[in-house]
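Chain by chain, the residues run as shown.
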Amino acid sequence: MSPALAQPSLSPISILLVEDNKGDALLIEEALEDAAPKAFLVSHASTLEMAEPQYRQQEFNVLLLDLNLPGVSGMEAVEKLRADLPTTPIIVMTGLDDEKRALGTMQRGAQDYIVKGQYGNNILPRVIRYAIERKRFETRVIELVHFDQITGLINREVFLDRLEGVISLANQNVMPLAVMLLSLRRFKDVTATLGHEVGNKLLKAVAVRLKECLMRQDAIARLEGDEFILLIAGQLASPESLAGFCQQIIEAIERPFEINDHSVRIGCSIGVATYPSCGKDAIELAKHADISLHRARQNVKNTFLFYTQTLNQELNERITLEKELQAAIKRQELLAYYQPIVDLKSNRICGVETLMRWKHAEKGFIPPNVFIPLAEKSELILEISDYVMKQACKDFLSWKDLIASPFYVAVNLSARDFQQKDFVERLGHMLKATGMNPKDLALEVTEGTLMENPQQAIGTLTACRALGAAIFVDDFGTGYSSLSYLSKLPLDILKIDRSFVADITTNGHNLLIATATINLAHALNLKVVAEGIETKEQKELLSILGCDKAQGYYFAKPMPASELVAWLGRDSAVA
Ligand code: C2E
Ligand code: MG
Ligand code: MG
């Protein structure tokens, strides 16, 4: 903190007095000493030129500036000092007939003025202390408005302003320029498991690491959440260097962060837009970097992507699709498909998972991993979830006579469903309206959703359980589960993600994870479903490992309700 920002304390206040008239300077020093002996340490300079080396060498708490210095106008003097010393309060000293001019200097950044010779009633120390306080307040406001409170980096507005400035420089000097938008991966997992304090420290540490990668003329800001924006100017932004530089940043973020005795590993995705090919101004560059970031994020690996026209086209298509999805429910284009879940002991079907399909009038079948994320961006997902639950219950009741209980119909829910305060109430209404026995319904929630806000999940799941529904944890192994929370959550089944099942017969690592998951589930008194079984070998291996149930193309692909009825009608062992 600069001395100008220091609390007025008992230690002397250092003043740089810029005054060409020796008599006036002496009068001020005397007035200060009389008013408060030893409270002020005054250094004197007769001209602005003589003052400069002094304030460059030493930081002063306050500057007292004569408005009538030789060779420079009062306004110019204030402007120069304001630019050189942005956080030091300035008080101008003026003659009786010059108050109007003194007021003008306050608009240029001076904190106050005093009329020369009128030093009665201890006015001088009071003006000085007020000026210091006022400047301190001003600086704090500027900090709040322009800087991110967590990382100390500039914020979006200041960044875009600077970017505009650098763009006009780039135009004059033909300098390469690029905007990079970076978002962290697994940041939410970190805050969910280790808390917000660690999350904030991590953001700070990321900011430091990113700054280390930058050159002096580059700029960096934090946008909301775990997003950062970087301005790269000059050599690093040249086509030969930029890709290598992005990779260097990815590697810097991949190195573990040591925070509060935790070794935290995260990753990042980067979207890049270069000037002028990807945008003519700051806003356009940032927007196009965002489009590339969005695509880079879809990659399972930490990666970077440069903006292209094709990406823009994809975005437009996505926006169109989003609009069409809103009409899809009304047009009855959303269809519920069902995939059998098989009990590995009896080899009989013991339930089904509801998986949605969108039968688009022109584009044909659109898979859920395309349209569900679109729906999740808005309240539309709530409508879809209501629709899916209702449809699944209705279908289940229509084939109920063909099956022996216990038999679950499982539906997938999104994080957004869970965040709704009235979710349990809606579920209760739906069960009543359809006449479904809650014991036949299972709710699938991904591990990520549960760990996003485990406290809230415990509350909501307990209430769903109280209604009678079962809870399945979907895609287990892909998230960042906290074992202590896992034991507190009211769960019934863990579903091992299919990425671990796919090569379980050949990949020792995945075999280990599947085995550990089964043992963990059983220790917590839960059952296990293995997803994505495609071969007899996979099924047999999982049976040996003690896995309770399985689901996958080996048994059956997801199918419409009508086909499932035929399938159930066969009523024989499935494998
Ligand atoms: P999920 O809930 O983990 O569903 C399992 C996915 O694995 C399904 O993909 C299923 O078709 C696929 N699958 C099952 N067995 C095999 C197999 O042997 N091999 C392979 N390669 N794949 C198999 P699908 O139907 O494309 O659904 C993808 C994801 O979309 C689902 O993953 C679920 O997270 C989400 N989803 C589907 N329907 C809904 C829904 O109604 N609401 C919500 N919120 N999400 C849904
Ligand atoms: Mg599922
Ligand atoms: Mg799954």
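Here the structure is a predicted model, which means the values were calculated and not measured.

### Section: the sheet that holds strand E4 (residues 90-94)
Here comes step 1: Ordered by their spatial adjacency, five strands build an open sheet running E2-E1-E3-E4-E5, and the pairing between neighbours is parallel. Either end of the sheet is taken by a strand with one partner, and the two such strands are strand E2 (40-45) and strand E5 (112-115). Going across the sheet, the axis of each strand differs from the next one's by a mean of 25°, ignoring polarity.
Here comes step 2: The pairing of strand E1 (residues 13-18) with E2 spans six bridges and is parallel. When the bridges of E2 are listed, serine 14 appears paired with leucine 41.
Here comes step 3: The strands touched by helix H1 (residues 22-35) within the sheet are E1, E2, strand E3 (62-66) and E4, with E2 carrying the most contacts at an inclination of about 175°.
Here comes step 4: Lying over the sheet, helix H4 (residues 99-107) contacts E4 and E5, oriented at roughly 160° with respect to E5.

### Brief notes about the coordination of the magnesium ion (ligand 2)
Here comes step 1: Protein coordination at the magnesium ion (ligand 2): the donors are Glu353 (OE), Asn412 (OD1), Glu444 (OE) and Asp474 (OD), at 2.0 to 2.3 Å from the metal.
Here comes step 2: All donors of the magnesium ion (ligand 2) belong to a single chain; written as a sequence motif, their spacing is E-x58-N-x31-E-x29-D.
Here comes step 3: In this structure, the magnesium ion (ligand 2) lies 4.1 Å from the magnesium ion (ligand 3), and both are coordinated by aspartate 474. Of this pair, glutamate 353 sits in strand E14 (residues 348-360) while glutamate 444 sits in strand E17 (residues 441-446), and the two are 91 residues apart along the sequence. With respect to burial, glutamate 353 and glutamate 444 carry one shared label: buried.

### Section: the site of ligand 1
Here comes step 1: Neighbouring ligand 1 are 22 residues, the closest being Glu353, Arg357, Asp474, Glu534 and Tyr553.
Here comes step 2: The side chain of arginine 357 places a nitrogen or oxygen atom 2.9 Å from an oxygen atom of ligand 1.
Here comes step 3: The side chain of glutamate 534 places a nitrogen or oxygen atom 2.5 Å from a nitrogen atom of ligand 1.
Here comes step 4: Protein contact buries 87% of the 800 Å² of open area that ligand 1 shows by itself.
Here comes step 5: Here the shell around ligand 1 gets four residues from one element, more than from any other, and that element is E14.

### Considering a negative patch on the surface
Here comes step 1: A cluster of acidic residues, Glu29, Glu30, Glu33 and Asp34, forms a negative patch at the surface.
Here comes step 2: Examined against the element boundaries, glutamate 29 turns out to sit in helix H1.

### A few points about the nonpolar core
Here comes step 1: Among the nonpolar cores identified, the biggest contains 78 residues, and Leu325, Trp399, Leu441, Leu443 and Leu491 are the most heavily contacted of them.
Here comes step 2: Looking at this core element by element, the count peaks at ten residues for helix H13 (residues 380-399).
Here comes step 3: Look past the residues within four positions of leucine 325 in its chain and what remains in contact with it is Leu334, Trp358, Phe371, Leu374, Ala375, Leu380 and Ile384.
Here comes step 4: By size, the runner-up hydrophobic cluster in this structure holds 36 residues, among which are Ala207, Ile250, Ile253 and Phe304.

### With respect to the coordination of the magnesium ion (ligand 3)
Here comes step 1: With distances of 2.0 to 2.6 Å, the protein atoms coordinating the magnesium ion (ligand 3) are Asp474 (OD), Asp475 (OD), Glu531 (OE) and Glu531 (OE).
Here comes step 2: Along the chain, the residues donating to the magnesium ion (ligand 3) are arranged with the sequence spacing D-D-x55-E.
Here comes step 3: For aspartate 475, a relative accessible area of 24% puts it in the partly exposed group.

### Brief notes about the domain arrangement of the protein chain
Here comes step 1: Taken domain by domain, the protein chain consists of domain 1 (3-146), domain 2 (156-307) and domain 3 (345-569).
Here comes step 2: Taking only C-alpha atoms into account, the centre of domain 1 sits 71 Å from that of domain 3.

### Here we look at the pairing of strand E19 (residues 493-496)
Here comes step 1: Alternating residues of E19 divide into Ile493 and Lys495 and Leu494 and Ile496, and every residue in both groups is buried.
Here comes step 2: Bridging between strand E18 (residues 470-476) and E19 involves three bridges; their strand directions are parallel. Each bridged residue has a counterpart across the sheet, and for phenylalanine 476 the counterpart in E19 is isoleucine 496.
Here comes step 3: Taken together, E18, helix H18 (residues 483-488) and E19 form a β-α-β motif whose crossover is right-handed.
Here comes step 4: In this sheet, strand E20 (residues 527-530) lies alongside E19 in parallel orientation, the contact comprising four bridges. Residue pairing across strands places isoleucine 493 opposite lysine 527, the latter belonging to E20.

### Notes on the pattern of salt bridges
Any two side chains of opposite charge can pair, given that their charged atoms come close.
Here comes step 1: Scanning all chains against the criterion turns up 32 salt bridges.
Here comes step 2: Between lysine 135 and glutamate 138 there is a salt bridge; the shortest N-O distance is 3.3 Å. With lysine 135 and glutamate 138 both in helix H5 (residues 123-146), this residue pair falls three residues apart, about one helical turn.
Here comes step 3: With a relative accessible area of 4%, lysine 135 lands in the buried category.
Here comes step 4: Using a relative accessible area of 31% as the deciding quantity, one classes glutamate 138 as partly exposed.
Here comes step 5: A salt bridge links glutamate 379 to arginine 416; its shortest N-O distance comes to 3.7 Å. Taken together, the residues span a long stretch of sequence, with glutamate 379 in the loop between helix H12 (368-376) and H13 and arginine 416 in helix H14 (residues 415-419) at a distance of 37 residues.
Here comes step 6: Its relative accessible area of 25% is what places arginine 416 among the partly exposed residues.
Here comes step 7: Several salt bridges share partner residues, and in doing so they unite Glu19, Asp24, Asp66 and Lys116 into one network.

Procedures and definitions
- Residues numbered from 1 in each chain as written.
- Chains lettered and ligands numbered in written order.
- Predicted model: local features only at pLDDT ≥ 70, side-chain atom pairs only at ≥ 80, totals over all residues.
- Heavy atoms only, no water.
- Pairing = 2+ DSSP bridges.
- Helix = DSSP H or I, 4+ residues; strand = E, 2+ residues; numbered from the N terminus.
- Axes fitted to C-alpha atoms, helices over the stretch in contact; angles between N-to-C directions.
- Contact = heavy atoms within 4.5 Å.
- Donors = N, O, S within 2.8 Å, 3.2 Å for Na, K, Ca; no water.
- Buried < 20%, exposed > 50% of the residue type's maximum accessible area, 1.4 Å probe, protein only.
- Near = heavy atom within 4 Å.
- Polar contact = N/O pair within 3.5 Å; in protein donor to acceptor, adjacent residues only side chain to side chain.
- Areas by Shrake-Rupley, 256 points an atom, 1.4 Å probe, with all protein chains shown as cover.
- Patch = residues over 30% accessible without salt bridge, like charges linked within 9 Å, V, L, I, M, F, W, Y side chains within 5 Å.
- Salt bridge = Lys/Arg side-chain N within 4 Å of Asp/Glu carboxyl O.
- Lys, Arg positive; Asp, Glu negative; His and termini not counted.
- Charge placed at Lys NZ, Arg CZ, Asp CG, Glu CD.
- Core = buried A, V, L, I, M, F, W, Y, C linked by side-chain atoms within 4.5 Å.
- Domains from an automatic or database assignment.
- Right-handed = clockwise from strand over helix to strand, strands pointing away.

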